[in-house]
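Below are the chains, spelled out letter by letter.
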Amino acid sequence: RWNSSRPASSASDVTGVALTLDERRRLDNAATTTTSITDSTTGNVISKSSTAAYMELAKARLSALVVTTTAAGFVAAGGPFSGQLVTATSCVVGTALCSSSAAAWNQIFEIDRDSKMKRTQQRPLVTGALTVTQATTAATVWGVLGTSLLAVGTDPVTTALGASNIALYAGLYTYMKPRSIYNTWVGAVVGAIPPVMGWTAATGGSLLDIDAMLLGTTLYLWQMPHFFALSYMHRVDYKRGGFAMVPVLEQDGEQTAQLIRRYAAYLSTVPFIATATGVASSMFALEGVALNAYALYVANKFHKERTNANARKVFLTSLWYLPSFLVLFLLHSKVWDEDEDRQKDMLRGVISDAIHKVRDQGRQICIHEHAVAKNNNHNEDIEQSATTTDTIRSDAGNSGCPVTIAKRTGAAGVSSAANVANQTVTAIQTTAADTTAATVVVTVSPKE
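Residues numbered from 1 in each chain as written. Predicted model: local features only at pLDDT ≥ 70, side-chain atom pairs only at ≥ 80, totals over all residues. Heavy atoms only, no water.

## Some points on the overall build of the chain
Next up, step 1: Counting its regular elements, the chain contains 20 helices and three strands.
Next up, step 2: A buried classification covers 46% of the 448 residues belonging to the chain.
Next up, step 3: In the chain, 69% of the contacts between residues at least 6 apart in sequence involve partners at least 24 apart.
Next up, step 4: Looking at the chain as shown, the accessible area adds up to about 22700 Å², and 61% of this sits on carbon and sulfur atoms. (Helix = DSSP H or I, 4+ residues; strand = E, 2+ residues; numbered from the N terminus. Buried < 20%, exposed > 50% of the residue type's maximum accessible area, 1.4 Å probe, protein only. Contact = heavy atoms within 4.5 Å. Areas by Shrake-Rupley, 256 points an atom, 1.4 Å probe, with all protein chains shown as cover.)

Listed below in structure tokens is the structure:
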């Protein structure tokens, strides 16, 4: 149990007398800038500043994830960036404020349930670090500022997405948590929207672009293994709070394990879809195999042996999986190969150069790269007529994987083939003309 204590002169700071929730709130109203919270078990006193309390109310770590995915969506559009700094700032900050508002409203509505769960007993409304009035004011201000910033600095589509996310999280998701297991699926929609907001802000509201849909789908699918593993580890706590989570409503965790494995498999297809649709290069699909192989491994391990330890492995894997996926998506996006506006957009040029530099460094340690380069060294004297093609292949072999080689030689190969075809047609036409002339001579000679 946690006890909010009086100022330093009060005996409750020393004794840690247990107080009710209402008493903790009344004591907090008398506090100034710092609230002392005493653990009645250990007797330790923890001081929380108002800033820290508001950060917890906003779920700062969750908001940081929202900022990251929003920024990734904005950068994925490929610019131009030099003229969009205000738009980018408005989008990221506005989205963070909307996320903070939604988190605050969620805690306001769930004070009683949070007070019953060990993992949420330190939240500011439970401990009395903030009053309901203070939290309501903060939630309202953050929501108004966030949507206003999006409206002024971005576009109507992005603004609508930000406002709807507040309503979806604080409204429908919060309402469904104690009533239906499908709250998880609704919550996943909330998490999938921020990267889409980044994309729409950068593109002026292009909501149905394949890139935006892929980013949103990735975040939606990723949240399933992430949250099902988390809720399995804390299933006793969620039951204590009265939440209708899948692991809470089953005995053996079989359905939870199946859902984790299923959505991990769905997630593993995204790199291939991105490659097939031309959003990313084939290297994204290749590296995605390695990335998803481990995610599928831990998912299958949990399916075979449903323990908290294995669930924790799934959860921890999800923490590094998402940033790794986003980095690879940006690294192999084909948007960086479109350099028509490099001279006009200096910032885009810097980002593009950095990405191409990373690609080149990656090629130096690529096994395929060395294999192709070695093979080219053994085939320098193939046909004389293929000199041009050999040169292209050799150059590509020194700086790119087979996928990159195909990409680099594709245009040159088509051009070379077209030249050969044109020369062949010309030769055939010349030969045909000569043959026709000879025939005429042979036919006329006897008559002469």
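Structure's up, so let's keep going.
## Details of the packing of aromatic side chains
Next up, step 1: Summed over the entire model, instances satisfying the criterion amount to 14 aromatic pairs.
Next up, step 2: For the ring pair Trp185 and Phe228, a centre distance of 5.5 Å and an interplane angle of 65 degrees mean the geometry is edge-to-face. Here Trp185 is found in helix H10 (residues 183–203), whereas its partner Phe228 is found in helix H11 (residues 210–233), with 43 residues between them in sequence.
Next up, step 3: Residue classification places Phe228 among the buried residues on the basis of a relative accessible area of 1%.
Next up, step 4: Each ring, one from Tyr321 and one from Phe325, has its centre 6.1 Å from the other, and the planes form 25 degrees; the classification is stacked. Here Phe325 and Tyr321 lie together in helix H16 (residues 308–332), a separation of four residues that amounts to about one turn.
Next up, step 5: What makes Tyr321 buried here is its relative accessible area of 2%.
Next up, step 6: With a relative accessible area of 0%, Phe325 lands in the buried category.
Next up, step 7: One aromatic cluster is present, formed by Phe284, Tyr321, Phe325 and Phe329 through successive ring pairs.
Next up, step 8: If you follow Arg113 out to its NZ or CZ, it ends over the ring of Phe243, 5.8 Å from the centre. (Phe/Tyr/Trp six-rings, centres within 6.5 Å; stacked < 30°, edge-to-face > 60°. Lys NZ or Arg CZ within 6 Å of the ring centre and 35° of its normal.)

## Some words on the packing of H10 against H11
For any two helices packed against each other, the geometry is given by the interaxial angle and the distance between the axes.
Next up, step 1: Running from N to C, H10 and H11 cross one another at 145 degrees; their axes reach a closest spacing of 8 Å. In this structure, the crossing between H10 and H11 has a hand that is right-handed. Residues Thr184, Trp185, Gly187, Ala188, Val189, Gly191, Ala192, Pro195, Val196 and Trp199 of H10 form the contact with H11, whose own contacting residues are Asp211, Ala212, Leu215, Gly216, Leu219, Tyr220, Gln223, Met224, Phe227 and Phe228.
Next up, step 2: Of the residues belonging to the contact of H10 with H11, the class tally is 14 nonpolar, five polar and one charged. (Axes fitted to C-alpha atoms, helices over the stretch in contact; angles between N-to-C directions. Left-handed = near helix turned anticlockwise from the far one by under 90°. Nonpolar A, V, L, I, M, F, W, Y, C, P; charged D, E, K, R; others polar.)

## Observations concerning helix H8 (residues 132–153)
One turn of the α-helix equals 3.6 residues, which is why residues spaced by three or four share an orientation.
Next up, step 1: Taking 1.5 Å per residue as the helical rise, H8 with its 22 residues ought to reach 32 Å, and the 31 Å between its terminal C-alpha atoms agrees with that figure.
Next up, step 2: In this structure, the buried side of H8 is in contact with helix H3 (50–57), helix H5 (85–109), helix H7 (124–127), helix H9 (156–176) and H10. (Expected span 1.5 Å × (residues − 1).)

## Considering the pattern of salt bridges
Next up, step 1: What the rule picks out here adds up to three salt bridges.
Next up, step 2: The residue Lys177 makes a salt bridge to Glu110 at a minimum N-O spacing of 3.3 Å. Of this pair, Lys177 sits in the loop between H9 and H10 while Glu110 is found in the loop between H5 and helix H6 (111–116), placing the two residues 67 residues apart along the sequence.
Next up, step 3: Residue Lys177 is classed as buried on the basis of its relative accessible area, which comes to 9%.
Next up, step 4: Given the relative accessible area of 3%, Glu110 is considered buried. (Salt bridge = Lys/Arg side-chain N within 4 Å of Asp/Glu carboxyl O.)

## With respect to the state of the cysteines
Each disulfide consists of one covalent bond between the sulfur atoms belonging to two cysteines.
Next up, step 1: Counted by the stated rule, this structure contains zero disulfides.
Next up, step 2: Cys98 supplies the cysteine sulfur nearest to Cys91, a cysteine that is in no disulfide, at a spacing of 9.9 Å.
Next up, step 3: The exposure class of Cys98 is buried, given its relative accessible area of 5%. (Disulfide = S-S within 2.5 Å.)

## Topic: the nonpolar core
Next up, step 1: The biggest cluster of nonpolar side chains holds 62 residues, and the ones touching the most others in it are Tyr238, Phe325 and Phe329.
Next up, step 2: Going through the elements one at a time, helix H4 (60–76), H5, H10, H11, helix H13 (254–268), helix H14 (270–276), helix H15 (282–304) and H16 are the ones with two or more residues in this core.
Next up, step 3: In terms of residue count, H11 provides more of this core than any other element does, 13 residues in total.
Next up, step 4: If we skip the residues at most four places from it in the chain, Phe329 touches Ala76, Leu215, Val279 and Phe284.
Next up, step 5: Counting residues in hydrophobic clusters, the runner-up holds 14 residues, among them Ala53, Ile111, Ala138 and Ala139. (Core = buried A, V, L, I, M, F, W, Y, C linked by side-chain atoms within 4.5 Å.)

## Focus: the confidence of the model for the chain
Next up, step 1: Mean pLDDT over the chain stands at 78; residues scoring 70 or higher make up 68%.
Next up, step 2: Overall, residues 1–19 carries pLDDT values under 50, and its contacts beyond four positions in sequence, including any with other chains, amount to 43 contacts.
Next up, step 3: Counting contacts from residues 25–47, a segment whose pLDDT is below 50, to residues more than four positions away or on other chains yields 56 contacts. (pLDDT = per-residue confidence, 0-100.)

## Structural notes on the packing of H4 against H5
Next up, step 1: Between H4 and H5, whose axes approach to 9 Å, the crossing angle comes to 150 degrees. Here H4 lies roughly antiparallel to H5, going by the angle between them. Remark: the crossing between H4 and H5 carries right-handed chirality. Here H4 contributes Ser63, Val66, Val67, Thr70, Ala71 and Phe74 to the contact with H5, which in turn contributes Thr87, Ala88, Cys91, Val92, Thr95, Ala96, Ser99 and Ser100.
Next up, step 2: Of the residues in the contact of H4 with H5, the class split is eight nonpolar, six polar and no charged. (Parallel < 35°, antiparallel > 145°, perpendicular 65-115°, else oblique.)

## Thoughts on the environment of Trp199
Next up, step 1: Within the secondary structure, Trp199 sits in helix H10.
Next up, step 2: On the accessibility criterion, Trp199 (6% relative accessible area) is buried.
Next up, step 3: Each C-alpha atom, one on Trp199 and one on Ala212, is 6.0 Å from the other, the two residues being 13 residues apart in sequence.
Next up, step 4: With sequence-adjacent residues up to four places away left out, Trp199 is seen in contact with Gly73, Phe74, Ala76, Ala77, Ser206, Asp209, Asp211 and Ala212.
Next up, step 5: A distance of 3.0 Å separates the side chain of Trp199 from the side chain of Asp209, its partner in a polar contact. (Polar contact = N/O pair within 3.5 Å; in protein donor to acceptor, adjacent residues only side chain to side chain.)

## A few points about H5
Next up, step 1: Relative to the 36 Å expected for 25 residues at 1.5 Å per residue, H5 spans 36 Å between its end C-alpha atoms, a close match to the ideal helical length.
Next up, step 2: Among the 25 residues in H5, 18 count as buried, and that is most of the element.

## Focus: a nonpolar patch on the surface
Next up, step 1: On the surface, Leu85, Met346, Leu347 and Val350 cluster together to form a nonpolar patch covering roughly 400 Å² of accessible area.
Next up, step 2: With three residues, helix H17 (residues 346–364) is the largest single contributor of residues to the nonpolar patch.
Next up, step 3: Relative to the assigned elements, Leu85 resides in helix H5. (Patch = residues over 30% accessible without salt bridge, like charges linked within 9 Å, V, L, I, M, F, W, Y side chains within 5 Å.)

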